[in-house]
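Survey of secondary and tertiary structure
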Amino acid sequence: MRQSIDRRNILLAGAAMTALSALPVKAQTMNPRRGAPQGPIAKKIAHEITQHGHTRTDYYHWLRDPNWQEVIDDPSKISAEIRSHLEAENAYTNAVLLEPTAKLRADLFEELKAKIKQDDSSIPARDGAWAYATRFRTGGQYPIVYRKAVDPISGEPTGKDNILIDGDKESQGEKFWRLQDWEQSPNHDLLAYFVDYEGGNKVTLRFRVTETGVDLPYKIEGASAGLVWAKDGKTCFYTLLDDNFRATKVMRHVVGDDPKRDVMIFEEKDPAFQMGIGKTSSAEYLIIYRSESESSDVLILSLTTPTASPKPFTPYRKGVEYSPDHHGKHFYIRTNADGAVDFKVAKTPIGATDAKNWRDFIPHVAGRFIENVNLYSGHMVREEAIDALPRLTVRNMVTNQEYQIEFQEEAYDLSVLRGFEWHTTKLRFTYNSPSTPTETWDYDLNTKVKVLLKTQEIPSGHDKDNYVVRRTTAMARDGASIPLTILYHKDTPIDGSAPCLLYGYGSYGISMPASFSTNRLPLVDRGMVYCIAHIRGGQDRGYQWYLDGKLMKKQNTFSDFARAAEALAEQKFVDPKKIVIEGRSAGGLLVGAVMNQRPELFAGVIGGVAFVDVINTISDGELPLTPPEWTEWGNPITSKAAYDYMMAYSPYDQVGKKPYPPLFAQTALSDSQVTYWEPTKWVAKLREFSPDAGPFLLNVNMSAGHGGASGRFDRLKEVADSHAFALWCVGKA
């Protein structure tokens, strides 16, 4: 650490005076740390909370605007005092990090931008007489949705592009614009589309006549992205959000009618459940999904009779997850029922959906995690994972014969592109690895002939042979084997001297794929080792891997991540004094927790939209995501054991006087998932308890949400900022 500290002194010496001129008086009076002033000092106002006989004082509670719901919808409504503090944080980050690394950030941005094919497009996906796709224009920030007519003889898209949505034009004059979703009607005369104008979860639903490009003269506000068309091509279903940004109502709409006449067909009244809609692969049924972490519930409705009422698929059973799909005279159900920890596929007649009628179709095999089931008219394709590696298993629905599609690399990622067609023998999927750009393939499920349709183009050039992909493991404290996916340049010495960016997530059962990303290459090209830690809390090694990293086993997630850092050093992949860690959202909880528990392990921490105020957030049932989260973390309101356990790892609550490494925290005012005040309070408390540590930097996007900037190039600028910080931490800025 000594060398990087000295390097940082040199870098920041010129920045200190700039920072002093931009910061409040209080910040100027603090002792500098590593050549930088300490940063804005938030005022303290005592706010006492008592739970389970324990009283804690949150001195930075005032940073949560009393009208936070309005602020998420309209950031201009934030209080003047809080805005002033956030602007001071941005000024400090600009002075300490962004200005001194301006040239590096500009170089990184140009490299990142040069790796994107600016006029890239997706491969058109056929839907009857049309094929739909998206593309970008050179220099454009936003997608263009278009379609082509399909030649009835060859079956191939022909003719000119018929533009349906031009994001660059439609975003003009908007502070924020993001196309969240779109769905063509069955007879292709209408396009329903959702646009986010704020950066939160609430979006605007519009209907566009595809022939003329003219929108119908009304819009539906406060919706959640996602729509299902009925077979009549006029009736559709969508969801509405409540004041706390939860999807609570499923609405039926007839195109052309006043939305005030829309009929609510289902209302979710239990705040512990998350709700959404979809349709079966056959497009015969509407599916209403309800879930609470380890349990799910489903209602179905025939799309042939859209005015009917949805019916429960089977009585709700706590602890049982299931998702049905339709094929012929049966439903096929991916489920963990009957102790199928890594899931199985059951089968039941369409007229007998009660679980008592389910029969095993694909039995449970421990260690073979069935992630997803894709049905076509003649085949089933299962996306499975074994020991953190994906595979595709094909089953003929007539003969019941199975086979696997083989892949050779040490670590890789697969994704099925479902498309629009039911009657097809073509499976379209993507393949990539940390060193291999994304390849899009069509695979004939009968003949097994594979055709390469597209290879991701890297305009600035990419030679996969310049990069090395390794798969190794770290031994957890309880003996579990933690997979690590490693990427480095072939010229990087693997002798214990290389710096490293270690990435992790470890929550909600979300697996981290061993995938390709051009965003990582500028770091790897500068000699950094990039590592993905497949820690518990995700499903990388099956569903039990998830169960072993949640609730009262959550500490496994954090200790796994620390062990990953130690193993990289022990195996001489990296320098133990030059490991920077990164996590976003619940990954921010990860890096915040290990930053408290093992601050000496890391040279820097990147926490994007970080969920760090765990106890306060999960004890507040009014916040958008809190009630559904109780089955993920525990309920600290009703359970003292859960409260004590969560308190022990909560990043905000466990801040102390410790030798913390530098921190770069990012947040956004319109984020309804991890509210802006969480990272803001975190940084304020770190400065209070460890004034000589850090520096602690906060970057606030004043007009975006959980996903960051909406434009693709604006998003790359945020990536460049994070990369510059990582390089700065290890003496490569």
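Residues numbered from 1 in each chain as written. Predicted model: local features only at pLDDT ≥ 70, side-chain atom pairs only at ≥ 80, totals over all residues. Heavy atoms only, no water.

Notes on the overall build of the protein
- The helix and strand tally for the protein stands at 15 helices and 37 strands.
- Its C-alpha radius of gyration of 26 Å places the protein within 12% of the 27 Å reference for a compact globule of 733 residues.
- With respect to the principal axes defined by its C-alpha atoms, the protein has extents near 70 × 55 × 55 Å.
- In the protein, 57% of the contacts between residues at least 6 apart in sequence involve partners at least 24 apart.
- For the protein, the accessible surface area stands at approximately 28,200 Å², while carbon and sulfur atoms represent 50% of it. (Helix = DSSP H or I, 4+ residues; strand = E, 2+ residues; numbered from the N terminus. Rg over C-alpha atoms; globule rule 2.2 N^0.38 Å. Contact = heavy atoms within 4.5 Å. Areas by Shrake-Rupley, 256 points an atom, 1.4 Å probe, with all protein chains shown as cover.)

Observations concerning the side chain of Ser722
- Structurally, Ser722 can be placed in helix 15 (residues 712-729).
- A polar contact of 3.2 Å, which involves the side chain of Ser722, links it to the side chain of Gln666. (Polar contact = N/O pair within 3.5 Å; in protein donor to acceptor, adjacent residues only side chain to side chain.)

Things to note about the pattern of salt bridges
- What the rule picks out here adds up to 46 salt bridges.
- Residues Glu221 and Lys219 are paired through a salt bridge, measuring 3.7 Å at the closest nitrogen-oxygen approach.
- One salt bridge in this structure joins Arg391 and Glu384, with 2.8 Å as the shortest N-O distance.
- With relative accessibility at 22%, the residue Arg391 sits in the partly exposed group.
- Via salt bridges that share partners, Arg368, Arg382, Glu384, Arg391, Arg395 and Glu402 belong to a single interconnected network. (Salt bridge = Lys/Arg side-chain N within 4 Å of Asp/Glu carboxyl O. Buried < 20%, exposed > 50% of the residue type's maximum accessible area, 1.4 Å probe, protein only.)

Some words on the packing of aromatic side chains
- Throughout the structure, instances matching the rule amount to 29 aromatic pairs.
- Ring centres of Tyr132 and Trp182 lie 6.0 Å apart, and the angle between their planes is 35°; on these two criteria the pair is classed as tilted. With Tyr132 in strand 4 (residues 130-135) and Trp182 in strand 7 (residues 178-184), the pair connects residues that are 50 residues apart, well separated along the chain.
- We classify Trp182 as buried; its relative accessible area is 17%.
- Ring pairing ties together the aromatic residues Tyr285, Phe313, Tyr322, Phe331 and Trp358, which thus form one cluster.
- Sitting over the ring of Tyr403, Lys448 keeps its end group 4.1 Å from the ring centre. (Phe/Tyr/Trp six-rings, centres within 6.5 Å; stacked < 30°, edge-to-face > 60°. Lys NZ or Arg CZ within 6 Å of the ring centre and 35° of its normal.)

Things to note about the packing of helix 9 (residues 555-570) against helix 10 (residues 586-597)
- Packing of helix 9 against helix 10 leaves a shortest axis separation of 9 Å and a crossing angle of 70°. As far as their axial angle goes, helix 10 and helix 9 are roughly perpendicular. Taken together, the residues of helix 10 that come into contact with helix 9 (itself represented by Gln555, Thr557, Phe558 and Phe561) are Leu589, Leu590, Val591, Ala593, Val594 and Gln597.
- For the contact of helix 9 with helix 10, the residue count by class is seven nonpolar, three polar and no charged. (Axes fitted to C-alpha atoms, helices over the stretch in contact; angles between N-to-C directions. Parallel < 35°, antiparallel > 145°, perpendicular 65-115°, else oblique. Nonpolar A, V, L, I, M, F, W, Y, C, P; charged D, E, K, R; others polar.)

Some details on the sheet that holds strand 27 (residues 426-432)
- The antiparallel open sheet is built from four strands, whose spatial order is 26-27-28-29. Each end of this open sheet is capped by a strand with a single partner; those strands are strand 26 (413-416) and strand 29 (450-455). Across the sheet, the axes of successive neighbouring strands diverge by a mean angle of 25°, strand direction being ignored.
- As paired strands, strand 27 and strand 28 (residues 439-444) are joined by six bridges and run antiparallel to one another. Within strand 28, the residue paired with Tyr431 across the bridge is Glu439. (Pairing = 2+ DSSP bridges.)

Overview of the environment of Ser507
- Position of Ser507 relative to the elements: it lies in the loop between strand 32 (500-503) and helix 7 (521-525).
- The spatial distance from the C-alpha of Ser507 to the C-alpha of Leu590 is 8.8 Å, given a sequence separation of 83 residues.
- Not counting residues within four places of it along the chain, the set of residues in contact with Ser507 comprises Gly537, Gly538, Lys554, Ala586, Glu632 and Trp633.

Examining the pairing of strand 7
- With five of seven residues buried, strand 7 is to be regarded as a mostly interior element.
- Between strand 7 and strand 8 (residues 190-196), which pair antiparallel in sequence order, lie five residues; one of them, His188, sits at a positive phi of approximately 65°.

So, the nonpolar core
- Core analysis: the biggest nonpolar cluster contains 77 residues, and Leu484, Leu502, Phe561, Leu568, Ile581, Leu663 and Trp682 have the highest contact counts within it.
- In terms of residue count, the dominant contributor to this core is helix 9 (eight residues).
- In contact with Leu568, not counting residues within four places along its chain, are Leu484, Ile486, Cys500, Leu502, Cys531, Phe573 and Val574.
- Grouped together as the second largest cluster of nonpolar side chains are 43 residues, Val96, Leu98, Met528 and Cys729 included. (Core = buried A, V, L, I, M, F, W, Y, C linked by side-chain atoms within 4.5 Å.)

Here's the deal with unusual backbone geometry
- In this chain, Gly694 is followed by Pro695 through a cis amide linkage whose omega measures 10°.
- Unusually for a residue other than glycine, Asp338 sits at a positive phi of about 60°.
- With respect to the helices and strands, Asp338 occurs in the loop between strand 19 (330-335) and strand 20 (344-349).
- Note on Asp338: relative accessible area 69%, which makes it exposed.
- Positive phi, close to 65°, is recorded for Lys572, a residue that is not glycine.
- Following the sequence through the fold, Lys572 ends up in the loop between helix 9 and strand 34 (579-584).

Quick word on helix 12 (residues 626-633)
- Of all eight residues in helix 12, seven are buried; the element is thus mostly enclosed.
- Along helix 12, the residues that are buried comprise Thr626, Pro627, Pro628, Glu629, Thr631, Glu632 and Trp633.
- Where helix 12 is buried, its residues contact strand 14 (274-279), helix 8 (543-547), helix 10, helix 11 (614-618) and helix 13 (640-649).
- Looking one or two places after helix 12, you find Gly634, whose phi comes out positive at around 115°.

Overview of the environment of Pro152
- If you trace the backbone, Pro152 turns up in the loop between strand 5 (144-150) and strand 6 (157-166).
- For the pair Pro152 and Val250, spaced 98 residues apart in the sequence, the C-alpha separation amounts to 37 Å.

Here's the deal with the pairing of strand 18 (residues 322-327)
- The element strand 18 is extensively covered by neighbouring structure, given that five of its six residues are classed as buried.
- Where strand 18 lies against strand 19, six bridges are found, and the strand directions are antiparallel. Of the residues in strand 19, the one forming a bridge with His327 is His330.
- Hairpin geometry of strand 18 and strand 19 is characterised by an intervening segment of two residues between the two adjacent antiparallel strands and by a positive phi of about 60° at Gly328.

Regarding the sheet that holds strand 12 (residues 247-254)
- Spatial strand order, 7-8-9-10-11-12-13: seven strands in an open sheet with antiparallel pairing. Looking at the sheet topology across the chains shown, the edges are occupied by strand 7 and strand 13 (263-267). Here the strands of the sheet are splayed against their neighbours by 35° on average, with no regard to which way each runs.
- In the sheet, strand 11 (residues 235-241) pairs with strand 12 via seven bridges, with the strands oriented antiparallel. Note that in strand 12 the partner of Thr239 across the bridge is Val250.

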